[in-house]
Structures are given as structure tokens and as C-alpha cells.
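# Examination of the molecular architecture
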Number of protein chains: 2
Amino acid sequence: MTQLSSADGAFLDDLGRAVPGLRVRPVEARYVEEPRDRWAGAAAAVVQPANVDEVALVIRACTDARVPVVPYGGGTGLVGGQLMPEGDAAPLILSLERMNAVRDVHPSENVMVAEAGCILADVQAAAAEAGRLFPLSLASEGSARIGGLLATNAGGVNVLRYGNARAQVLGLEAVLPDGTVWHGLKRLHKDNTGYDLRNLLVGSEGTLGIITAAALKLAPRPAGEATAMLAVTSPRAALDLLALVREEVGEGVSAFELIHRAGLDFLAETLPEVKRPWADGPPEWMVLVDLGLSRGRDPVAAMEAIFEAGAAEGLVQDGIIAQSEAQRRELWDVREHIPEANRKIGSVSSHDISLPLGSVPEFIEVAGPKLAEIAEFRINCFGHLGDGNLHYNVFPMPGKSRADYEEERPQVKRCLHDLVHGFGGSVSAEHGIGRLKVADLERYGDPAKLAAMRAIKAALDPAGIMNPGAVLR
Amino acid sequence: MTQLSSADGAFLDDLGRAVPGLRVRPVEARYVEEPRDRWAGAAAAVVQPANVDEVALVIRACTDARVPVVPYGGGTGLVGGQLMPEGDAAPLILSLERMNAVRDVHPSENVMVAEAGCILADVQAAAAEAGRLFPLSLASEGSARIGGLLATNAGGVNVLRYGNARAQVLGLEAVLPDGTVWHGLKRLHKDNTGYDLRNLLVGSEGTLGIITAAALKLAPRPAGEATAMLAVTSPRAALDLLALVREEVGEGVSAFELIHRAGLDFLAETLPEVKRPWADGPPEWMVLVDLGLSRGRDPVAAMEAIFEAGAAEGLVQDGIIAQSEAQRRELWDVREHIPEANRKIGSVSSHDISLPLGSVPEFIEVAGPKLAEIAEFRINCFGHLGDGNLHYNVFPMPGKSRADYEEERPQVKRCLHDLVHGFGGSVSAEHGIGRLKVADLERYGDPAKLAAMRAIKAALDPAGIMNPGAVLR
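Thresholds, definitions, all that
Just so you know, the residues in each chain are numbered from 1, in the order the chain's sequence is written. Here chains are named by letter from A upward and ligands by number from 1 upward, in the order in which they appear as written. Only residues with pLDDT of 70 or above have their local features reported here, since the model is predicted, and side-chain atom pairs are shown and tallied only from 80 upward, although totals for entire chains, interfaces and linings are computed over all residues. Only hydrogens and water are set aside; all other atoms, that is, all heavy atoms of the structure, feed into the side-chain values. UniProt positions are given in the numbering used here, feature names are shortened, and annotations may be inferred rather than shown by experiment. Copy-to-copy alignment: least squares on C-alpha atoms, limited to residues at pLDDT 70 or above in both. Any pair of residues with heavy atoms lying within 4.5 Å of one another is described as a contacting pair. For this analysis, a salt bridge means a side-chain nitrogen from Lys or Arg found within 4 Å of a carboxyl oxygen belonging to Asp or Glu. Secondary structure is summarised from DSSP: a helix means a run of H or I of at least four residues, a strand means a run of E of at least two, and numbering begins at the N terminus for each. Exposure categories follow from relative accessible area, calculated using a 1.4 Å probe and restricted to protein chains: below 20% of the type maximum is buried, above 50% is exposed, and the middle band is partly exposed. When DSSP finds two or more bridges between a pair of strands, those strands are recorded as paired. Here an axis means a line fitted to C-alpha atoms, over the contact stretch when the element is a helix, while the angle between two N-to-C directions is reported on a 0 to 180 degree scale. Roughly parallel means an angle under 35 degrees; roughly antiparallel means over 145; roughly perpendicular covers 65 to 115; every other angle is labelled oblique. Crossing handedness: left-handed means the near helix sits turned counterclockwise from the far one by under a right angle, and right-handed means the same turn made clockwise. Nonpolar residues are Ala, Val, Leu, Ile, Met, Phe, Trp, Tyr, Cys and Pro. Charged residues are Asp, Glu, Lys and Arg, and all others, Gly as well, are polar. To estimate the expected span of a helix, subtract one from its residue number and multiply by 1.5 Å. What marks off one domain from the next here is an automatic or database domain assignment. Buried area adds together the accessible area that both of two parts lose upon being put together, with accessible area traced by a 1.4 Å probe. In protein, a polar contact means a hydrogen-donor-capable atom and an acceptor-capable atom, both N or O and within 3.5 Å, with residues adjacent in sequence counting only if both atoms are side-chain atoms; elsewhere, any N or O pair within 3.5 Å suffices. Each aromatic pair joins two rings of Phe, Tyr and Trp (for Trp, the six-membered one) with centres within 6.5 Å, and gets the label stacked for planes under 30 degrees apart, edge-to-face for over 60, and tilted for any other angle.

In the annotation of an unreviewed UniProt entry, the entry for chain A reads 2-hydroxyacid dehydrogenase, and the organism field reads Pseudaestuariivita atlantica. Per UniProt, the comment on chain A under Sequence similarities (unreviewed entry) is "Belongs to the FAD-binding oxidoreductase/transferase type 4 family." Regarding chain A, the UniProt comment filed under Cofactor (unreviewed entry) reads as follows: "FAD".

Right, here's the structure in full:
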């Protein structure tokens, strides 16, 4: 691999001539910070292209001059994919923020064409305005942008029903590392003409090209919705309950989130203003269930039937079925504030893992005792149970802080990731590899797959300019 | 690219030593024929490995000796992906037929692990035995094998609800062109650890590696099903009716097939034993609708509500709602025999196309008159309307035969494919490129995507041994 060069003054002068009118900005702090403030990036300059042609010209110039490029969306990634650390060659940050137009909405086709810089909440709103649903939904939806969401194959709370970001894409427009534009904004549900470049770019975290726009699938809006928080006897009971829910409403279950009592205890400790739903204190395990049904079926009645069947089978002990939109909001508020409470407590180590569904209960049973062999911890285990995706986060004991566990942190991570790997699970379910998990990928990844990934990277980006150091070393 | 060598006697002797016990067979006719008998393949020998290790050793030997390999599933492909024509280097056919075990079924996870040689109908049966549904369903399911179905990203009648073959896969085991094995049989719904090699292999038609097993998604079985054949006033009315069906039952619509009267006329002409559902002769346009609902909703009642709403909006003129499983079967028999009737009539030219949903009616309106400028034809247009996928087939006038239109055939194909391309559609919706549509891919494919495909092919298969001539020249 050739040596990379900094995006220095001479390069920026050349770039200005090659791309007349290109907006070049100094590197404001927001471009080199990350949400958990754990590490910082470095860059020479930020460019904010206005359209795909400008993106193509910038990439062409970077390829010719061997200048590294970090594509930048909303900056909400949790694994450092958007931050290149201080190093030999200072990169150019390419921010898609000005390419934020919804180009087209086709309600009768359930399709929208949106540019990479669109904020997720704006895309959701544009879909709602057309009487449709854009189902991707996650905590950072007020700032995360479509390009980054696709580049990282983001997940969230509705994956169970609608799939992850990958499943929302019909077509892409993207600039490849040689500066050519792939005009692939097809609005087709079936297209078997050649290799699946779309899915290769989705999830490649900016290392194989830059997504500039996407044809996104929309869904019909459910006619009615219902939400319940149900106390379950165990994680295994929660899984059995999910099967029961599916028998009752088929694909009508939109979210099925596992919550442990620790999450509500943390809320009580750090965010007392969040209304807590259990008068007598929270149960050990809960699930938050969302139904969205078509007309002809009352969702609250369906939820009541689920509650009764779950109780009859000994899976459900207690429950709260929201009777109004305000009550639905209150139940979701609990779930959505747990990450904030976690941040306030300050985790020793956080893990975004997935497991074969059937292994989730056993994993939860054995992980706690294994960690206890290292030290005493508080554990907050919650997440998207329907997808087998847990956020398994490890916290200091009361009176201690994150800093007291510097020595244990690597052991905790290794212990949990080894366990996950042993169950055939993944050490990055929805956050991606970025720069934080490159070593994990090397340790746990399949060697043949890794070799294929390296060959693909070298073939499409021989100069190695696209987000260097992310995903692959 | 280096020159390829035939799988000659010396190579087969070496191969026998390198893979003790490998089953080598002469080339029976079935390996070099294709379903429509339009062209033939050639090969030096057939190997039938018993397991993934044997596949890996065979591929390694072929790579070392630069011997071309044609992966072989059920031989049901319609675009010649499984047939290498007579040429300089006679290939080895690698048939997966002996790797036909269902390795594992996990009903509680809705997952099955099946080897590539499993016949689709057997996989469906194994799922049913576990109380689950494997939703991939198509005409050749009695002989098509899982490996080929995934390699071609097959479609069929349930794509509308469950997605194409791609959407059924959680993980893969595959042998890459260098003979390494990718052990990727993960049973995970979320796994963001690196590039999407899974989707790259799915749909690559055996040119990037050989799928040897897959972790497949299963679905819960609907509690009740209903089928109707409804007379619609136009293709546009059919699309409006689909939107109405989705409002009524959400994801509960499993199939939504458009049928033109020509299909039923062809049935009457060639297969009079197939029971025809319309006493007074068929309407101009029909849709065949399948609902599969969870408990708590009667599917026949839902179908009646759909019929009434469709009639009230002027979309539906008449209809037959099946009142028994036998009647459901009769309605589906009509749809499933149309391809056979087509073969008996003998098409001038057949087209597996897809369009943006909203463009389907206009395409149908303009395509007929455009073709009439070339000559007079009979047209049978039918297919998976919910996916925007039409089988638009052009037939001789009564008294004439396919052979009478040799001159017009290229014009017909060009005329229709140009039109499809102009609408932003695809000239291969579900059958793939194979060897039949390589020139179409070059004509209509995006140049940047094609260059990326060639770079990926060269990177993963530098010797060019994997199914040479398929997809890419």
C-alpha cells in the first residue's frame, strides 16, 4: 500500500481549483468528538459538498493525491468509525450535511428517495406526511443521518418487524473510491442483475465508498397500536412469550424489548423525573411490547389476549397495558432513558452483542457468575430480545466509579466476548466495527471472510484512502 | 487473465489422489441440458463431493491447475448459469446433490441449517414438520436445490411478504475460489462485523464461490389462509387494490399475482384438463390473492371485506373467494399451469422484468402498441405484481410458430428491454444473468457498478475458474 499524504494547504488549493465553489471549512470540534467522549479524532479540513458531482470530484482528487477521506454523517457512531486519530496523514473530513434533500416520495410505491445528509427524524416526518412509515428508529434519530445509518447498517427498536437499515434500502447512489458514481437509485423490489453492490456498501462503514442518496422502502402505517410492559418470570419466559405474541398477531409485533430491573433502579438513582411504572418496585425481568395492527383487529384487545395467554402459561406475572397514547409514551420513556441513566452511572465496559435466540437465556445465566470471578459488578442487561441483541453493560458497585476498574476492564470485555463467541454470537450486533473493534474482528472473525474482505478493500480502494483504519487495519 | 485448462484425464488422476474417495462421474445428459432445451453445455466430468472439506479440496485443485468449475444445483435455472458451452477448456461440474442433509432445525429460533444440495420441497417439508414455514416457493421447487436458489437469489410467489431468497439467509458456509472455507453459519438476526460477504455470494451465480450450507430463516405458519381470484378493471386498479389489501391485513398478504386473460385462453387451448374458474369466460385482468393471518382474524371474512371495499371503489368487478382448501388449490392450479401452457404455445420471446411499482400500468399500456409496430403478436403478461415483477411473454399469432419469428425476436427483446430500462426497471428481476443476459447486463448495467463487479471478481477469483462466462464475460 502506498503512503498516504495529509490534506495540506497545497492539496486544498488544488482541490479548490478542481472543484470550483466547493465549501471548505476548518475542523470544528463537533467533527472530531464522539458521543461518549472517550477519544478524539484529527483532520486537516472539512468539505461540505452540495451534490454527488462535487463528492465525486473530491474523491477523485483524494485518490490522485493519496489523501485519506473520512466520510461524516451525524457523528453519532459509537465505535469511532467517524474519527481518524492523530497520525501521519491528516485526513479530509467529507461531511454530507448539505446533501439533505428528500428528492422524491412515491407513496403509492411505498418508496422515498433521500440524500445521505437527511436526518433520520426528518425522513420519518416526511414519510408520515405522506401517510407512510419509515420504520428505522433509534435513540440518536434526531441527529443521525441516512448515509451514516446505512454505512453502519444501523439497528434500533423496530428491527424485529422491519429489519435493520440494510432491509430499508432498494437502491443507492454512491461514489466509489476511484471517484466514479454508481447511479443505482432503483426503486425495484426485485433486481437480479449482477453482484449485490448495494449490500456491500451498506455496512462497509465508509471504507468502500460514499453513499450519497438512497431509495428507501416505506411501510403502511398500522391502523392501531398498543404498548405493554409485562413482568416475565425469566429471559426464557420472555422468549416463549415472543413466540406466543407471534402466534397471536403474526408480523404485527413491532418491538419486543427486554429490560432488567437494574435499568429501572438506575433511572431511580440518576433520573428521578422519569415516571416509573411499577408502584411496588420493578420486577426482576420485564419486556416492553409494541403491537401495530391493521384495521379489523383492536390492538389493545390483542394485547390483553396476549397477557392472559402468557399468564395462563406461567410466563407473565404482572403487566401494564397502556390505555392511551400518553401512557404508551410513558412506557417507552422508561426504555429510552435507560442509556442516559447508564451514561450517568458510567459503565466499566459496554457490550453490543447478539446471540442465537435460543442461547440468550443460557448466556444470561452464565455470564453473571463468570464476571463475578473477576470482581463484583452491577450488570444492566437489556435490549432487542426479538433480534437476539443484548446491550450487556457492566457497572461499578455503588460508591465506586469507572476509573476504579481500569485493570478489570480488558478482562471483562474478553470474558464476555469469548463467551458470546462460544455461543456462536457476534461481538458487534448493531454498532459496527469502526476503529474500536478492529482487534475484536481479527480475534473472532472467520479467517476466510477476513481475507476476502481485505481482497475486496484492496480491489475497490487500492490507494487505501477511504476511511483508513476503520474495519480493517 | 491466465489461460484455463481442461479437466482432462491427467487432472482427474491428480484430483483422485488429492481427494481420496471423491466421487467422480461421467457427464450424464441431465448435467448439460436446460429446462427449455434451448442450448446445451459441455463438461469433462462431474464430481459429487460428500462434504465441505471435499468441496474445498476440489476447488483448491482446480485453482492450482486453472481448471474451470461449474457449480451445479438442481439444474432448473433459466438463464444458462449452470451450463458452460463447448469451448477451449472443458470444465469440471461440481454437483452438490450429495450434500442434502438438513443439519439442524431450531423451531424456537425459527432457524434451519440446510446443506446446499437440499431440494426446496424437502426443506419446506422439514420446516412444516417442525411446525414452521419455509416461505420460498416457486414452480421448480420439486427439483431446485438450496445452493442454486441462493446463488441465483431466486424469487417466486411469496416474495411480497417474505422477500426473495436473499432475505431467507442468516448465515452461510461457503468455499471461496482459493479453496478456503468460510465458516459463516451464524444463526444471528444482527451481526455488524465486517463486509456483507453473505449477500455478495447470494446472487453471484457461482462466480465468486460455492455455497455449501445455509442457516435459513423460518416463519411461523399462519393460523388461517384464504385465496381469491378477483376480476380487476385494469392493472392500475390491481395496484390500488393491493394498497387496500395492505390496509386491511398489513403484512398478512402472502401473494398478489396479476393474471391476464391470455393465460387462461392458453390454458383452454393447451391444457383443457385444468379447471377454469370463470363460467362465462375470464375477465381481461385478474389478481390471485393469498392471505395468511394469525389467530384472532378470520381470513375468509377479511377477504370478503377486501372484495367489498374493492367493489365499492370500482376496482373489483367480480370475484371467486375459495371456500375450501380444494377450491384454494384449484385457483392456484390456474396460476401454476400458465408457464406450462406458455411452453406448449411456444413463445417468440420471454421477459423476466421488474419495474417501479407505480410504472407498471403505464408500461403495460405502452408496451403492446410498441410491439405491434414490429409485428402482430399475442401477449401473455402475468406475474408477481406486488413485487413489480412481470413475466411479459410474447407469442406467435394462432397458426404460426416460434420459428416464424426468428427475424423479429431480437427486435422484440430490444424493444421491451429498452422500454423497461427507460422506466428505471430491470431486465432480470428474478432469474439472474447467467450466460443468456451477459450482453444485457453490459448494455443496461451501470458502468461504475460493472467496473466494481469486475474488480471484485478479479480479487476473489484471480485465476477465473469459478463458472467462467457467467454474469461477466
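Now that the structure is up, let's keep going.
## Examining the relation of the copies chain B and chain A
Note on the copies: chain B fits chain A at an RMSD of 0.0 Å, the axial shift is 0.0 Å, and the rotation between them is 180°. The relationship between the two copies is best expressed as a two-fold rotation axis. A share of 100% of interface residues in chain B that are also interface residues in chain A marks the association as one of identical surfaces.

## Comments concerning the pattern of salt bridges
A side chain of one charge can pair with a side chain of the opposite charge when the charged atoms of the two come close. Following the criterion strictly, the structure yields 58 salt bridges over all chains and no others. One salt bridge in this structure joins A:Arg328 and A:Asp290, with 3.3 Å as the shortest N-O distance. With a gap of 38 residues between them, A:Arg328 in helix α10 (residues 325-345) and A:Asp290 in strand β14 (residues 285-293) connect regions that are remote in the sequence. Across the pair, A:Asp290 and A:Arg328 agree in class, each one buried. A salt bridge links B:Asp14 to B:Arg17, with the nearest nitrogen and oxygen atoms 2.7 Å apart. A residue pair is termed a helical-turn pair when its members lie 3 or 4 positions apart in one helix, as B:Asp14 and B:Arg17 do in helix α1 (residues 9-18) at three residues. Judged by relative accessible area, B:Arg17 falls into the exposed class, the value being 61%.

## Considering the sheet that holds strand β17 (residues 378-384) of chain A
Residue and element names in this part refer to chain A. Spatially, the seven strands line up as an open sheet ordered β15-β12-β14-β13-β17-β18-β16, and their pairing is antiparallel. The sheet is open, and its two edges are formed by β15 (316-321) and β16 (352-354), each paired on a single side. Taken over all neighbouring pairs, the strand axes of this sheet differ in orientation by 20° on average, direction set aside. Bridge count for strand β13 (residues 253-260) against β17 is two bridges, and the pairing is antiparallel. When the sheet's bridge partners are listed, Leu-258 is paired in β17 with Gly-383. Seen against the sheet, helix α7 (residues 235-249) touches β12 (224-232), β13, β14 and β15 and runs at an angle of roughly 165° to β13. Across the sheet, helix α11 (residues 360-372) is in contact with β13, β14, β16, β17 and β18 (389-395); its angle to β18 comes to roughly 15°.

## What to know about the packing of α11(A) against helix α12 (residues 408-422) of chain A
Residues and elements named next belong to chain A. In the contact formed by α11 and α12, the axes pass within 11 Å of each other and the chain directions differ by 155°. The angle between α11 and α12 places the two elements in the roughly antiparallel class. Along this stretch, α11 crosses α12, giving a crossing that reads as right-handed. Seen from α11, the contacting residues are Phe-363, Val-366, Ala-367, Lys-370 and Leu-371; seen from α12, they are Val-412, Cys-415, Leu-416, Leu-419 and Val-420. Residues belonging to the contact of α11 with α12 are distributed by class as follows: nine nonpolar, no polar and one charged.

## As for the UniProt feature "domain: FAD-binding PCMH-type" (unreviewed entry) in chain A
What UniProt calls "domain: FAD-binding PCMH-type" (unreviewed entry) maps, in this numbering, to residues 39-221 of chain A. Across residues 39-221 of chain A, the secondary structure splits into 21% helix and 24% strand, with the terminal C-alpha atoms separated by 40 Å.

## So, helix α12 (residues 408-422) of chain B
Helical periodicity: at 3.6 residues per turn, an α-helix aligns residues three or four positions apart in one direction. Residues and elements named next belong to chain B. Between its terminal C-alpha atoms α12 stretches 21 Å, which fits the 21 Å expected from 15 residues at 1.5 Å a residue. Among the residues of α12, Glu-408, Arg-409, Val-412, Cys-415, Leu-416, His-417, Leu-419 and Val-420 are the ones counted as buried. At its buried positions, α12 is contacted by β16 (352-354), α11 (360-372), β18 (389-395) and α13 (438-444). Where α12 ends, the next residue or the one after it, Gly-424, has phi of about 75°, a positive value.

## Observations regarding the domain arrangement of chain A
All names here are of chain A. Each assigned domain of chain A is listed here: domain 1 (102-220), domain 2 (223-341) and domain 3 (346-429). When each unit is reduced to the centre of its C-alpha atoms, the spacing between domain 2 and domain 3 is 23 Å. For the domain 2 and domain 3 pair, buried surface summed over both sides reaches about 1500 Å², with 65% attributable to carbon and sulfur atoms. Contact with domain 3 buries area across many residues of domain 2, yet Leu-239, Leu-258 and Phe-266 alone supply 36% of it, more than any other trio. Where domain 2 packs against domain 3, one counts two salt bridges. For the pair domain 2 and domain 3, the interface holds six residue pairs in polar contact (both at pLDDT 80 or more). Elements with a contribution of two residues or more to the side of domain 2 that touches domain 3: α7, β13, α8 (261-270) and α10. When grouped by side-chain class, the residues that make up the side of domain 2 that touches domain 3 number 11 nonpolar, two polar and four charged.

## Quick word on the packing of aromatic side chains
A full pass over the atoms with the stated rule returns 10 aromatic pairs over all chains. Considering the side-chain rings of A:Tyr31 and A:Tyr72, the 5.2 Å spacing of their centres and the 70° angle between planes classify their relative orientation as edge-to-face. Residue A:Tyr31 is located in the loop between β1 (24-25) and β2 (45-47), and its partner A:Tyr72 is located in strand β3 (residues 69-72); the two are separated by 41 residues in the primary sequence. Each of the two residues, A:Tyr31 as well as A:Tyr72, counts as buried. Both rings, one in B:Phe266 and one in B:Phe395, keep their centres 4.8 Å apart while their planes meet at 80°; by these two values the pair is edge-to-face. With B:Phe266 in helix α8 (residues 261-270) and B:Phe395 in strand β18, this residue pair connects regions lying 129 residues apart in the sequence. We classify B:Phe266 as buried; its relative accessible area is 2%. The exposure class of B:Phe395 is buried, given its relative accessible area of 0%. In this structure an aromatic cluster arises from ring pairing among A:Phe363, A:Tyr392 and A:Phe423.

## Some points on the side chain of A:Arg409
Looking at the secondary structure, you find A:Arg409 in helix α12. Setting aside residues no more than four positions away along its own chain, A:Arg409 makes contact with A:Val348, A:Ser349 and A:Arg402.

## Considerations on the environment of B:Val70
All names here are of chain B. Mapping Val-70 onto the fold places it in strand β3 (residues 69-72). Considered as a pair, Val-70 and Ile-465 are 395 residues apart in the sequence and their alpha carbons are 8.6 Å apart. For Val-70, the contacting residues outside a window of four places in its chain are Gly-81, Gln-82, Met-84, Pro-91, Leu-92, Ile-93, Leu-94 and Asn-467.

## Examining the interface of chain B and chain A
Facing the 80 residues of chain B at the interface are 80 residues of chain A. Roughly 6300 Å² is buried in total at the junction of chain B and chain A, and carbon and sulfur atoms are behind 54% of that figure. Per-residue buried area on chain B facing chain A is highest for B:Lys190, B:Asn192 and B:Tyr195; these three make up 17% of the total on that side. Where chain B packs against chain A, one counts 12 salt bridges. Measuring nitrogen to oxygen at the nearest pair gives 2.9 Å for the salt bridge that ties B:Asp196 to A:Arg166. Breaking the side of chain B that touches chain A down by element, the ones donating at least two residues are α5 (159-162), β9 (181-184), α6 (197-201), α7 (235-249) and α14 (447-460) of chain B. Looking at the side of chain B that touches chain A residue by residue, the class counts come to 29 nonpolar, 30 polar and 21 charged.

## Focus on the sheet that holds strand β4 (residues 92-95) of chain B
All names here are of chain B. Strand order in the open sheet formed by four strands is β1-β2-β4-β3, and the pairing between neighbours is mixed. In this open sheet, the two strands that pair with only one neighbour each are β1 (24-25) and β3. Relative to β4, β3 runs parallel, the two sharing four bridges. Each residue of the ladder has a partner; that of Pro-71, found in β4, is Leu-94. Along the sheet, α1 contacts β1, β2 (45-47) and β4; its crossing angle with β4, the most-contacted strand, is approximately 35°. Sheet contacts for helix α2 (residues 52-65): β2, β3 and β4; angle to β4, the most-contacted strand, approximately 165°.

## Quick word on the environment of A:Glu86
Topologically, A:Glu86 is positioned in the loop between β3 and β4 (92-95). A:Glu86 sits in the exposed class, given a relative accessible area of 71%.

## Looking at the packing of α1(B) against α2(B)
Residue and element names in this part refer to chain B. Between α1 and α2, the shortest axis-to-axis distance is 10 Å and the interhelical angle comes to 140°. If you check the angle between α1 and α2, you find them oblique. Handedness of the α1/α2 crossing: right-handed. Two secondary-structure elements touch here, α1 through Phe-11, Leu-15 and Ala-18 and α2 through Leu-57, Val-58, Ala-61, Cys-62 and Ala-65. Considered class by class, the residues forming the contact of α1 with α2 number eight nonpolar, no polar and no charged.

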